[in-house]
Amino acid sequence: MFRQGRFWVQLCVVVALIAFAGLLINNITVNLIRTGLGLDFGWLWRPAGFALAETALPYAPTDSYAWALTVGWLNSLKVILMGLLLATTLGVAAGAARSSRNRLLRSLSGGYVALIRQVPLLLQLLFWYFVAFLGLPDTPVGGLIHFSNQGIRLLGLNLSVEFCSVLTGLVVFTGASIAEIVRGGINAVSRGQWEAFRSLGLSEGLGLRRIVLPQALPAILPALTSQYLNLAKNSTLAIAVGYADLYAVSDTTITQTGRAIEGFLLLLLSFLLLNLILSGGMALMNRVVLGRLQRSR
């Protein structure tokens, strides 16, 4: 009886979702017919006519809208992938520090997490852009790094002020949430494991890396996936500081062409694909970790 009731509930939910999707598609079709626009992607191959401040590949205003969107997509990928790597490093370090015996480390990491999580990301991005990076003095450091209000030059790699602001904001903001996830995962490991590696004479850092963190991963990875997806979605706030990511390029494209529906569909599908790749990769990693943990037992 219970299984039959659950089946009918699930069936009703599926029917409701299909009906809702059909209603949306019908409304879009009716509105397109009324405006006389129709659904058309031919504009993608027309010259874009606008410049981009930052490009990962050669780009000129005479190139097509499709190429402009591709360059914006690559700019988004650049900041997202670097953000994931740096935010994970910062979050793991801060989360481990919150479980440290060192009172200073615990206080500093706790203050960082408490402060950053109370301030909206948009305000943080504006702070890093207008206050931190635009105010940088012209300062070379050992001939390897050069700071200025035009950006940062690192071993011939030029990073714009906009890119540095977006990357720093995303890393600092997401790192605070990851730190809490790591702290919770570490606390989930029994205290007996800590006492065991200490009794063997292992240092706190080595015991944390070799004993505690591997056992904490099953508790960390599911929540970490959500933070990775949040970072990817939060990257669209880059438009606030003028970084030419996919969302900013799409916004300009929609304004010039008037093809709002097609533009938002492309934007939606692009981020859907990225998030599916991220969640699928993290799910695979989670299965691998769980499999190794079960075999070790």
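Residues numbered from 1 in each chain as written. Predicted model: local features only at pLDDT ≥ 70, side-chain atom pairs only at ≥ 80, totals over all residues. Heavy atoms only, no water.

1. Quick word on the overall build of the protein
Now for step 1: The secondary structure content of the protein amounts to nine helices and four strands.
Now for step 2: Going residue by residue from the N terminus, the α and β elements of the protein occur as α-α-α-α-β-β-β-β-α-α-α-α-α.
Now for step 3: Relative to a compact globule of 297 residues, whose C-alpha radius of gyration would be 19 Å, the protein shows 24 Å and is clearly more extended.
Now for step 4: Over its C-alpha atoms, taken along the principal directions, the protein stretches across nearly 75 × 75 × 35 Å.
Now for step 5: Burial analysis of the protein (297 residues in total) assigns 37% to the buried set. (Helix = DSSP H or I, 4+ residues; strand = E, 2+ residues; numbered from the N terminus. Rg over C-alpha atoms; globule rule 2.2 N^0.38 Å. Buried < 20%, exposed > 50% of the residue type's maximum accessible area, 1.4 Å probe, protein only.)

2. Thoughts on the packing of helix 2 (residues 65–98) against helix 3 (residues 103–116)
To characterise two packed helices, one gives the angle between the axes of the helices and the distance between these axes.
Now for step 1: At a closest axis distance of 7 Å, the pairing of helix 2 and helix 3 adopts a crossing angle of 130°. Considered as vectors, helix 2 and helix 3 are oriented oblique to each other. Judged by the twist between their axes, the crossing of helix 2 over helix 3 is left-handed. Contacts from L90, A94, A97 and R98 of helix 2 reach helix 3 at L105, R106, S109, G110, Y112 and V113. (Axes fitted to C-alpha atoms, helices over the stretch in contact; angles between N-to-C directions. Parallel < 35°, antiparallel > 145°, perpendicular 65-115°, else oblique. Left-handed = near helix turned anticlockwise from the far one by under 90°. Contact = heavy atoms within 4.5 Å.)

3. Quick word on the pairing of strand 2 (residues 145–148)
Now for step 1: Residues of strand 2 alternate between two faces, with H146 and S148 buried on one and I145 and F147 left unburied on the opposite face.
Now for step 2: Pairing analysis gives three bridges linking strand 1 (residues 139–141) to strand 2, with the strands arranged antiparallel. Each residue of the ladder has a partner; that of V141, found in strand 2, is I145.
Now for step 3: Relative to strand 3 (residues 151–154), strand 2 runs antiparallel, the two being bridged by four bridges. (Pairing = 2+ DSSP bridges.)

4. With respect to a nonpolar patch on the surface
Now for step 1: Nonpolar side chains collect at one region of the surface, where L39, F41, L265 and L268 lie side by side and expose about 360 Å² of accessible area between them.
Now for step 2: Following the sequence through the fold, L39 ends up in the loop between helix 1 (2–35) and helix 2. (Patch = residues over 30% accessible without salt bridge, like charges linked within 9 Å, V, L, I, M, F, W, Y side chains within 5 Å. Areas by Shrake-Rupley, 256 points an atom, 1.4 Å probe, with all protein chains shown as cover. Salt bridge = Lys/Arg side-chain N within 4 Å of Asp/Glu carboxyl O.)

5. Here we look at the sheet that holds strand 3
Now for step 1: The antiparallel open sheet is built from four strands, whose spatial order is 1-2-3-4. Each edge of the open sheet carries a strand with a single partner, namely strand 1 and strand 4 (157–160). Neighbouring strand axes in the sheet, compared pairwise and without regard to direction, differ in orientation by 15° on average.
Now for step 2: Here helix 5 (residues 161–188) sits on the sheet in contact with strand 3 and strand 4, set at roughly 75° to strand 4.

6. Examining the pairing of strand 3
Now for step 1: Two successive antiparallel strands, strand 2 and strand 3, enclose a turn made up of two residues.
Now for step 2: Bridge analysis of strand 3 against strand 4 gives four bridges, and the strand direction is antiparallel. Opposite L154, over in strand 4, you have L157 as the bridge partner.
Now for step 3: The antiparallel pairing of strand 3 with strand 4 creates a hairpin that spans two residues between the two strands, and L155 there sits at a positive phi of about 50°.

7. Some remarks on the packing of helix 3 against helix 5
Now for step 1: It is at 9 Å that the axes of helix 3 and helix 5 come closest, and there the two elements cross at 120°. Judged by the inter-axis angle, helix 3 sits oblique to helix 5. Our pair here, helix 3 against helix 5, has a crossing hand that is left-handed. Across the interface between the two elements, Y112, V113 and I116 from helix 3 touch V171, V172, F173, G175, A176, A179 and E180 from helix 5.
Now for step 2: Here the residues of the contact of helix 3 with helix 5 are counted per class, giving eight nonpolar, one polar and one charged. (Nonpolar A, V, L, I, M, F, W, Y, C, P; charged D, E, K, R; others polar.)

8. Some remarks on the environment of A48
Now for step 1: As for its position among the elements, A48 is in the loop between helix 1 and helix 2.
Now for step 2: As a C-alpha pair, A48 and A68 span 20 residues in sequence and 7.0 Å in three-dimensional space.
Now for step 3: Residues in contact with A48, not counting those within four places in the same chain, are Y59, P61, D63, S64, Y65, A68 and Q256.

9. A word on the pattern of salt bridges
Now for step 1: Under the criterion given, the structure shown has five salt bridges.
Now for step 2: Across the pair K78 and E54 runs a salt bridge, and its minimum N-O distance is 3.0 Å. Linking K78 in helix 2 with E54 in the loop between helix 1 and helix 2, this pair joins segments that are 24 residues apart in sequence.
Now for step 3: Accessibility expressed as a relative area gives 28% for K78, which makes it partly exposed.

10. Considerations on the confidence of the model for the protein
Now for step 1: When the pLDDT values of the protein are averaged, the result is 85; 94% of them are 70 or greater.
Now for step 2: Averaged over each element, pLDDT in the protein is lowest for helix 6 (residues 191–199) (73) and highest for helix 2 (93). (pLDDT = per-residue confidence, 0-100.)

11. Some words on helix 8 (residues 246–257)
Now for step 1: For helix 8, built from 12 residues, the straight-helix expectation of 16 Å at 1.5 Å per residue is met to within 8% by its first-to-last C-alpha distance of 16 Å.
Now for step 2: Listing the buried residues of helix 8 in full gives L246, A248, V249, S250, T253, I254 and T257.
Now for step 3: G258, located one to two residues past helix 8, shows a positive phi value of around 75°. (Expected span 1.5 Å × (residues − 1).)

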